[in-house]
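Survey of secondary and tertiary structure
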Amino acid sequence: MIGKKTLLLVTVLLVAVVCIAGCTVNVGAPTPTTIQTVLPTTTAEQTKVPVTTTLITTAATTAPVGKVVLHETGILTTKTFKTYDFKTLMGYKFLYPKDKFRITIKSEKPVLGYALNTEQAGQLQGSQLIPRYQTYVKGGIDWGLIEPVMVIEKATDTTKEFTLQDDVRPLTYVVDGRWMGYDSNYDNTAPFSYEITIEKTGGPTEQNFNFG
């Protein structure tokens, strides 16, 4: 009788142990889940800077365009000169301040080019109004009583620009070889050719051959 009770008690204890063990099983902590966040891929765009091209044009410096009012060739000696009246040959009865000219002289021998009052130009035939070579004078030319403007000294291939500054007056231009007659370096110089070109490049006076 005691053996049956003991067996029953052992059986009850085993059942209790099994129940307790089943209730205390450690299921374990839940496995963490990793969530990956995928960001959208953004392609960086390069900022395009507009390129501005500036075209710089360098204009060559040129002389003012002139109107040819006289072009002539001739022959001179060391004892002669030639005059060109601005009125009758070029159409300028009077010339005014700020009238502008470009004068070119080409010559086989060095000549003087100059303008003077038309009245004085009429006296160049005499012995008083002769430009002379003098060693003591700067430039070597003694003008004496001549009052020249627009002067080109010892020209062989020379171009000069002139702007008149004096009072209104009629003018005559002169190409003169006589100064060489006073320089022994030019003794026995044969007659030589020259060429003169006069251009009007500006100023208030208009060309006009109607002098009535």
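Residues numbered from 1 in each chain as written. Predicted model: local features only at pLDDT ≥ 70, side-chain atom pairs only at ≥ 80, totals over all residues. Heavy atoms only, no water.

**Considering the overall build of the protein**
Spelled out, the test is: For helices the rule is a DSSP run of H or I covering at least 4 residues; for strands it is a run of E covering at least 2, with both sets numbered from the N terminus onward. Think of it in three bands: with a 1.4 Å probe and only protein chains considered, a residue is buried below 20% of the maximum accessible area for its type, exposed above 50%, and partly exposed in between. Any pair of residues with heavy atoms lying within 4.5 Å of one another is described as a contacting pair. Only the protein chains shown count as cover for residues, with accessible areas throughout obtained via the Shrake-Rupley method and a probe of 1.4 Å.
Summing up its helical and strand segments, the protein has two helices and eight strands in all. For the protein, the sequential pattern of α-helices and β-strands runs α-β-β-β-α-β-β-β-β-β. For the protein, buried positions account for 31% of its 212 residues. In the protein, of all internal contacts separated by at least 6 residues, the share reaching a separation of at least 24 is 81%. Of the roughly 14800 Å² that the protein leaves accessible, carbon and sulfur atoms contribute 57%.

**Quick notes on the packing of aromatic side chains**
How we decide: Each pair of aromatic rings taken from Phe, Tyr and Trp, with Trp reduced to its six-membered ring, is defined by centres within 6.5 Å and is described as stacked if the planes are under 30 degrees apart, edge-to-face if over 60, and tilted in the remaining cases.
Considering all chains together, one arrives at five aromatic pairs under this definition. With 6.0 Å between their ring centres and 90° between their planes, Tyr 92 and Phe 101 make a pair best called edge-to-face. Each member of the pair, Tyr 92 as well as Phe 101, is classed as buried. Their ring planes at 70° and their centres at 5.5 Å tell us that Trp 179 and Tyr 186 sit as a pair that is edge-to-face. Among the aromatic residues, ring-to-ring pairing joins Phe 86, Tyr 92 and Phe 101 into one connected group.

**Some remarks on unusual backbone geometry**
Phi at Met 150 takes a positive value of approximately 50°, unusual for a residue other than glycine. Tracing the backbone shows Met 150 in strand E6 (residues 149-163). Even without being glycine, Lys 154 reaches a positive phi, approximately 50°. Relative to the elements of secondary structure, Lys 154 occurs in strand E6. With a relative accessible area of 32%, Lys 154 lands in the partly exposed category.

**Some words on the environment of Val 111**
Checked against the element boundaries, Val 111 lands in strand E3 (residues 100-117). For Val 111, a relative accessible area of 0% puts it in the buried group. Sequence separation between Val 111 and Thr 156 is 45 residues; the distance between their C-alpha atoms is 6.9 Å. Setting aside residues no more than four positions away along its own chain, Val 111 makes contact with Leu 76, Ile 105, Ile 152, Glu 153, Lys 154, Ala 155, Val 175, Asp 176, Gly 177, Trp 179 and Phe 192.

**Considering the pattern of salt bridges**
Quick reminder of the rule: Each reported salt bridge corresponds to a side-chain nitrogen of Lys or Arg within 4 Å of a carboxyl oxygen of Asp or Glu.
Considering all chains together, one arrives at five salt bridges under this definition. In this structure, Glu 72 engages Lys 82 in a salt bridge whose closest nitrogen and oxygen atoms are separated by 2.9 Å. Of this pair, Glu 72 sits in strand E1 (residues 67-76) while Lys 82 is found in strand E2 (residues 81-85), placing the two residues ten residues apart along the sequence. Among the residues examined, Lys 82 registers a relative accessible area of 34% and is labelled partly exposed. Between Glu 199 and Arg 102 there is a salt bridge, with its nearest N and O atoms 3.1 Å apart. Residue Glu 199 is located in strand E8 (residues 192-202), and its partner Arg 102 is located in strand E3; the two are separated by 97 residues in the primary sequence. With respect to class, Glu 199 is no different from Arg 102; both count as buried.

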